Amino acid sequence: MAGIYIHIPFCRKACHYCNFHFSVSQKLLPQMINAIAHEIILRHEYLKEKIETIYFGGGTPSLLQPDDINLLMDKMFSIFDVEPDAEITLEANPDDITAHKLLAWKSAGINRLSIGTQSFLEADLQWMNRAHNAQQAYESLKLAMQNGFTNISTDFIYGTPDLTNEQWLQNLETAQELNIPHLSCYALTVEPNTALKKMIDLQKKKDVDAEKQSIQFELLMQWAANKGYEHYEISNFAKPGFKSRHNSSYWQGKHYLGLGPSAHSFNGNTRQWNISNNALYIESINKNIVPFEKEELSSTQKINEYLMTALRTNEGIVLPHLELLSDKEITAGIIKDAQRFIRQHLLERKNDALILTSKGKLFADGIAAGLFR
Amino acid sequence: MQHKRMTSQNQGRLTIIPSLQLPPPKNHCKQLIHTASISKELTNPTLSLPLMKKIRNFCIIAHIDHGKSTLADRLLEHTKTISEREMMAQVLDDMDLEREKGITIKSHAIQMNYVHNGEQYTFNLIDTPGHVDFSYEVSRALAACEGALLLVDATQGIQAQTISNLYLAIENDLEIIPVINKIDMDGAMIAEVKDQVMDLIGCKEEEILLASARNGIGIEEILTAIVERIPAPKGNPEAPLQALIFDSMFNSFRGIIAYFRVFNGSIKKGDTIRFISTDAEYEADEVGILKLGLQPANEVKTGDVGYIITGIKNAKEVKVGDTITLSGNPGEPIKGFEEVKPMVFAGIYPVSTDDFAELRECMDKLQLNDASLTYEIETSQALGFGFRCGFLGLLHMEIIQERLEREFNQTVITTVPNVSFHAYTTKGEKLIVNNPAEMPDTTKLDHIDEPYIKAQVISLPEYIGNIMTLCLGKRGILINQSYLTTTRVELIFEMPLTEIVFDFYDKLKSQTRGYASFDYSPIGYREADIVKMDILLNSEKVDALSALIHRSRSQDFGRKLCEKLKELLPRQQFQIAIQAAIGAKIIARETISAFRKDVTAKCYGGDISRKRKLLEKQKEGKKRMRQIGNVEVPQEAFLAVLKLD
Ligand SMILES: Nc1nc2c(ncn2[C@@H]2O[C@H](COP(=O)(O)OP(=O)(O)OP(=O)(O)O)[C@@H](O)[C@H]2O)c(=O)[nH]1
Ligand code: SF4
Ligand SMILES: [Mg+2]
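Residues numbered from 1 in each chain as written. Chains lettered and ligands numbered in written order. Predicted model: local features only at pLDDT ≥ 70, side-chain atom pairs only at ≥ 80, totals over all residues.

Caption draft 1: Fine view of the overall build of chain B. Of the regular secondary structure elements, chain B holds 16 helices and 33 strands. By residue count, 47% of the 645 residues in chain B fall in the buried class. Within chain B, residue pairs in contact and separated by at least 24 positions form 71% of the contacts whose partners lie at least 6 positions apart. (Helix = DSSP H or I, 4+ residues; strand = E, 2+ residues; numbered from the N terminus. Buried ≥ 20, exposed ≤ 12 C-beta atoms within 10 Å, placed from the backbone. Contact = placed C-beta atoms within 7 Å.)

And the structure:
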């Protein structure tokens with residue numbers, strides 16, 4: 001089983017915190033669609049398995065015309081063996097969502113939407129420099145539900161400097177009232193080379209408060225437990241039956257093909273990523289060359305990746321699986337290193353797995369690094 | 001000690017020299033045109049004399065970076081000792097660390113053949129390090145030679161180690177050939193440096209050679225001077241074997257390789273040899289000469305330099321400075337070397353307590369390659385089992401740590417370095433304290449003596465003020481100030497060693513924009529008001545962070561150290577209190593607030609690599625952390641004292 005990720009590198013407006021690869025100019029969009037369609041052909045041999053999930057991410061895939069989506073879908077279906085019940089997700093921004101588009105997406109075969117809501121608060125959205133307003137945030141979700149999409153995820157960002165705890169809980173409540181079955185909640189991270197970072201350095205914006213973020217994360221965990229959302233990965237919460245199969249494949253070490261500029265692919269032994277430059281990507285694809293960099297994973301790196309991703313999930317690090325990936329001695333070493341975190345109540349041993357406690361979820365990175373080989 | 005000036009005995013011998021141009025201590029010159037009697041006495045010239053007459057044993061000495069190793073390159077090239085293919089810059093600096101740092105750490109001997117006036121000569125060259133920490137390497141090399149090329153950088157002139165290494169050479173009765181190097185450079189001050197050299201060693205202008213090691217200028221003249229000015233070795237080929245071990249190396253396959261110079265007799269493959277000081281006897285499995293690698297030979301004869309392999313793996317059986325002789329026909333021991341005395345001490349501990357046994361093995365092996373490293377086992381409450389090591393200086397300490405990591409794959413923690421104190425108890429006992437933990441309780445203490453040095457600083461007159469401020473601030477006393485030339489001044493201070501151990505040299509350089517060089521020699525112990533300062537992390541004393549320090553400095557030191565630790569200790573899930581204390585009195589404190597989260601948002605679009613690399617980096621940092629109580633202390637924190645402003 002494997003997945004396909006398609007990166008659509010265009011956005012209407014640059015969100016201040018964003019460090020993804022995208023361009024605000026849409027000059028190259030038509031050529032880009034052709035190039036990605038061509039990359040599908042060039043990489044037809046990358047995955048031998050059946051395709052279980054397809055994910056249009058970005059950037060902003062909802063910018064695409066329904067015809068473009070149809071074109072890419074047709075290409076993928078003709079080249080790869082896509083399961084009939086495959087999960088096919090499209091990332092959509094609220095300002096792009098119309099009844100017309102929703103129907104077109106549906107008929108193109110999209111069966112899951114990941115909507116970039118981020119917040120229902122006007123001030124918050126402006127602070128982030130989002131392209132949509134509070135009303136669009138709310139209406140877009142409603143519209144999606146009304147037009148037959150049930151499998152919907154919304155993205156939230158918490159821990160922005162002026163978001164109060166009450167406001168944060170209110171955002172979550174609103175989503176729940178709309179019956180949204182899946183939530184991806186990210187603490188605002190100040191990434192290097194972003195407008196946000198610059199503004200903070202120039203003291204034009206307040207820096208994030210890690211203390212407050214951790215409180216909002218704890219509030220989120222409590223809230224989700226009360227409302228019946230399963231906290232199945234550090235940043236992801238789902239009602240029963242609504243976990244994202246595509247994202248889970250990243251954590252489960254499944255293979256995936258990444259198409260489009262900056263997209264990452266993984267075939268079990270190597271990871272590779274396409275060039276993060278729209279013009280160069282198109283130019284190269286037109287010459288039948290996929291422009292990528294590649295990294296061969298050592299056995300240690302494979303172990304580390306498993307530790308890092310598994311630790312973020314509610315299944316945790318499954319020891320028999322770890323032993324399969326490594327050996328008895330390495331596994332014993334990792335269990336030994338885990339003791340320290342167990343003593344600090346950051347980690348628990350449940351049967352055959354090492355699982356983060358609620359408190360531990362705040363320190364997932366440090367704990368993973370502490371277990372790395 | 002290595003850094004010492006002329007001994008009185010030497011000064012006595014040297015009074016025969018006519019050209020005394022400067023007041024002491026710069027008048028220890030020596031006749032350049034060698035006359036007959038020197039101490040390595042000629043007894044009975046015989047058969048192989050013609051061969052021996054064609055041997056020249058010499059070393060290259062200078063201040064750091066004056067171009068010794070580069071000149072060695074040119075000599076090796078010119079004599080075709082090294083093929084073009086093998087040639088690279090500073091080819092003799094074959095340790096990774098030497099190449100990376102661009103400095104020589106270990107002396108390196110190599111043999112060349114040179115044809116002069118139709119006759120073939122054998123040259124044994126030893127390239128030496130210039131850094132003050134390694135002057136013991138120079139003194140050993142000198143013992144194997146009859147002559148020395150004294151290099152002076154034409155843009156820098158005489159520097160502190162030019163002088164100290166020259167004195168070492170004079171003590172060893174070596175013929176000195178002064179060479180002014182880097183004459184190709186724009187800033188070359190040939191006339192001025194010539195004057196300095198003539199003043200210093202009392203030679204004539206025409207005896208000074210001019211060279212550019214980089215551009216190959218003056219090489220032929222140097223080779224000719226080696227033949228004509230450096231005396232051939234003297235010795236009796238028929239006498240019982242006397243070969244002085246001047247260096248040794250450990251090879252994991254072949255065991256110990258000892259480098260020696262034959263003074264009398266000869267040594268053959270298969271001979272049963274005896275190391276005089278240990279009385280141990282072995283068969284000479286292999287003897288040979290030193291080319292770029294080892295080149296086996298059947299025999300190494302009187303006057304020559306060579307190596308021997310006996311299969312010995314235990315370092316203690318082969319001592320540098322020992323004499324090799326033959327079992328059947330033993331000779332007398334040659335005077336060896338004074339033991340190197342370490343200047344600074346610090347603990348070396350494995351990061352993980354489980355790795356002590358492994359680290360111990362590595363220390364043993366490393367010592368085979370570096371006899372100047374001393375160590376004994378110690379324990380620390382904070383760090384468990386480890387070693388108290390003696391080093392020649394901080395560079396030496398850094399190198400040992402790096403070699404342990406690179407060559408032996410050990411991750412270690414080095415604790416706060418300190419000098420060796422003498423503590424006198426109320427009962428009248430004298431204790432040598434190389435570790436703050438060994439300092440007796442104040443109630444039992446009568447007084448403490450600390451080591452003093454004589455420091456010689458050479459610089460430009462405009463920096464006198466800055467140098468004075470720096471040295472007086474370090475409890476120095478100015479002893480003498482004199483002008484070497486109108487533009488070069490020498491200042492002599494008496495200072496506590498502990499004050500120069502840490503950041504003195506860096507400060508001196510920055511205060512003089514790099515225009516200062518510095519040399520020192522111990523001058524004994526003096527009483528001082530030394531206190532023990534402890535560091536507590538969350539009220540737990542961390543013995544590995546304790547320091548012995550002068551009382552007048554303690555307040556300031558404690559405050560700065562706490563500030564530095566605050567910077568270096570990573571925030572943890574709980575608050576950390578850092579305190580500096582003398583006895584029960586807290587003199588400084590800082591707190592590090594707890595951090596509340598470290599989880600980064602997401603693995604975007606399957607970009608697992610980026611996150612993994614981020615965490616791998618974090619892990620790398622953690623590898624050097626030691627858990628003390630519940631606080632994680634990174635390796636750098638233990639050396640925080642070295643980085644205080
Ligand atoms: N311009 C110029 N540079 C030179 C000359 N000789 C050496 N150098 C440079 O000076 C620097 C130091 O040279 P080394 O040969 O490593 O000096 P060293 O005396 O062996 O140094 P240590 O062994 O560390 O004491 C290098 O960058 C050389 O390239 C020269 O004749 N002219
Ligand atoms: S819409 Fe998404 S990809 Fe585009 S700038 Fe905003 S956060 Fe980044
Ligand atoms: Mg050198």
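Caption draft 2: The sheet that holds strand β3 (residues 119-127) of chain B, seen in detail. Residues and elements named next belong to chain B. If you walk across this open sheet you meet the six strands as β2-β3-β1-β4-β5-β6, and the pairing is mixed. Where the open sheet ends on each side, the last strands, each with one partner, are β2 (108-116) and β6 (209-210). Pairing between β2 and β3: nine bridges, direction antiparallel. Directly across from His108, in β3, lies its bridge partner Asp127. Across the sheet, helix α7 (residues 190-201) lies against β4 (147-153), β5 (175-181) and β6, angled at about 165° from β5, the strand it touches most. (Pairing = 2+ DSSP bridges. Axes fitted to C-alpha atoms, helices over the stretch in contact; angles between N-to-C directions.)

Caption draft 3: Up close: unusual backbone geometry. All names here are of chain A. Geometrically, the link from Gly58 to Gly59 is a cis peptide bond, its omega value of 20° lying close to zero. In this structure, Asn351 takes a positive phi of about 50° despite not being glycine. Mapped onto the fold, Asn351 is located in the loop between β14 (347-350) and β15 (353-356). On the basis of neighbour counts, which here come to 8 C-beta atoms within 10 Å, the residue Asn351 falls in the exposed class.

Caption draft 4: Up close: the site of ligand 1. All names here are of chain B. Lining the immediate environment of ligand 1, one finds 21 residues, of which Gly67, Ser69, Ile103, Thr104 and Gly130 sit closest. It is helix α3 (residues 68-78) that provides the largest number of residues to the shell around ligand 1, a total of three residues. Of the residues in the shell around ligand 1, the class split is six nonpolar, ten polar and five charged. (Near = placed C-beta within 6 Å. Nonpolar A, V, L, I, M, F, W, Y, C, P; charged D, E, K, R; others polar.)

Caption draft 5: Just the interface of chain B and chain A, in detail. Each partner contributes to the interface: chain B provides 23 residues, whereas chain A provides 37 residues. Of the residues that constitute the side of chain B that touches chain A, the class distribution is seven nonpolar, six polar and ten charged.

Caption draft 6: Looking closely at the UniProt feature "binding site: GTP" (unreviewed entry) in chain B. Residues and elements named next belong to chain B. Here the UniProt feature "binding site: GTP" (unreviewed entry) sits at Asp65, His66, Gly67, Lys68, Ser69, Thr70, Asn181, Lys182, Ile183 and Asp184. Here Asp65 falls in the partly exposed class, since 17 other C-beta atoms lie within 10 Å of it. Relative to the assigned elements, Asp184 resides in the loop between β5 and α7. In this structure Asp184 touches Ser212, Arg214, Asn215 and Ile217, once residues within four positions along its chain are discounted. (UniProt positions renumbered as here; feature names shortened; annotations may be inferred.)

Caption draft 7: Looking closely at the sheet that holds β14(A). All names here are of chain A. Strand order in the open sheet formed by three strands is β13-β15-β14, and the pairing between neighbours is antiparallel. Single-partner strands in this sheet number two, and they are β13 (317-318) and β14. Relative to β15, β14 runs antiparallel, the two being bridged by four bridges. Note on β15: the bridge partner recorded for Leu347 is Leu356. Across the face of the sheet, helix α13 (residues 328-343) comes into contact with β14 and β15 while running at roughly 115° to β14.

Caption draft 8: Looking closely at helix α14 (residues 364-371) of chain A. The buried fraction of α14(A) amounts to eight of the eight residues, a majority that puts the element mostly inside the structure. Those residues of α14(A) lying buried are Ala364(A), Asp365(A), Gly366(A), Ile367(A), Ala368(A), Ala369(A), Gly370(A) and Leu371(A).

Caption draft 9: Quick peek at the packing of helix α1 (residues 29-42) of chain A against helix α10 (residues 278-286) of chain A. All names here are of chain A. Where α1 meets α10, the closest approach of the two axes is 9 Å, and the angle between their N-to-C directions is 50°. By the criterion of interaxial angle, the relationship of α1 to α10 is oblique. The handedness of the crossing between α1 and α10 comes out as left-handed. Of α10, the residues touching α1 (which contributes Gln31, Met32, Ala35, His38 and Glu39) are Asn278, Tyr281, Ile282, Ile285 and Asn286. (Parallel < 35°, antiparallel > 145°, perpendicular 65-115°, else oblique. Left-handed = near helix turned anticlockwise from the far one by under 90°.)

Caption draft 10: Representation of the confidence of the model for chain B within the structure. Averaged over chain B, the pLDDT score is 86; the fraction of residues at 70 or greater is 90%. Contacts of residues 1-49 of chain B to residues separated by more than four positions or lying in other chains number 68 contacts, the stretch itself having pLDDT below 50. (pLDDT = per-residue confidence, 0-100.)

Caption draft 11: View of the pairing of strand β30 (residues 576-582) of chain B. Residues and elements named next belong to chain B. In the sheet, strand β27 (residues 530-537) pairs with β30 via five bridges, with the strands oriented antiparallel. Within β30, the position partnered with Leu537 by the bridge is Ile578. Counting the residues between successive antiparallel strands, the hairpin from β30 to strand β31 (residues 585-592) contains two residues, one of them, Gly583, with a positive phi of roughly 60°.

Caption draft 12: Looking closely at the nonpolar core. Ranked by internal contacts, the top residues of the largest apolar core, which has 171 residues, are Leu142(B), Ala148(B), Leu150(B) and Phe260(B). In this view, Leu142(B) contacts Cys59(B), Ala148(B), Leu168(B), Ala169(B), Asn172(B) and Leu174(B); residues no more than four positions away in its chain are not counted. In terms of nonpolar packing, the next biggest core, distinct from the first, is built from 95 residues, Ile6(A), Phe217(A), Phe266(A) and Ile334(A) among them. (Core = buried A, V, L, I, M, F, W, Y, C linked by C-beta atoms within 7 Å.)

Caption draft 13: Structural view of helix α6 (residues 165-177) of chain A. With 13 residues, α6(A) should cover 18 Å at 1.5 Å per step; its first-to-last C-alpha distance of 18 Å lies within 8% of that length. The first or second residue beyond α6(A) is Asn179(A), which carries a positive phi of 70°. (Expected span 1.5 Å × (residues − 1).)

Caption draft 14: Local environment of the environment of Ala14(A). All names here are of chain A. With respect to the element layout, Ala14 can be found in the loop between β1 (2-8) and α1. Assessed through the 15 C-beta atoms surrounding it within 10 Å, Ala14 is described here as partly exposed. Those residues within four positions of Ala14 in sequence are excluded, and the remaining contacts are Val24, Asn129 and Ala195.

Caption draft 15: Broad picture of the pairing of strand β25 (residues 488-496) of chain B. All names here are of chain B. For strand β23 (residues 445-459) and β25, the ladder comprises eight bridges, and the chain directions are antiparallel. Opposite Tyr452, over in β25, you have Pro496 as the bridge partner. Bridge count for strand β24 (residues 477-485) against β25 is seven bridges, and the pairing is antiparallel. Bridging from a neighbouring strand, Asn480 pairs with Ile492 of β25.

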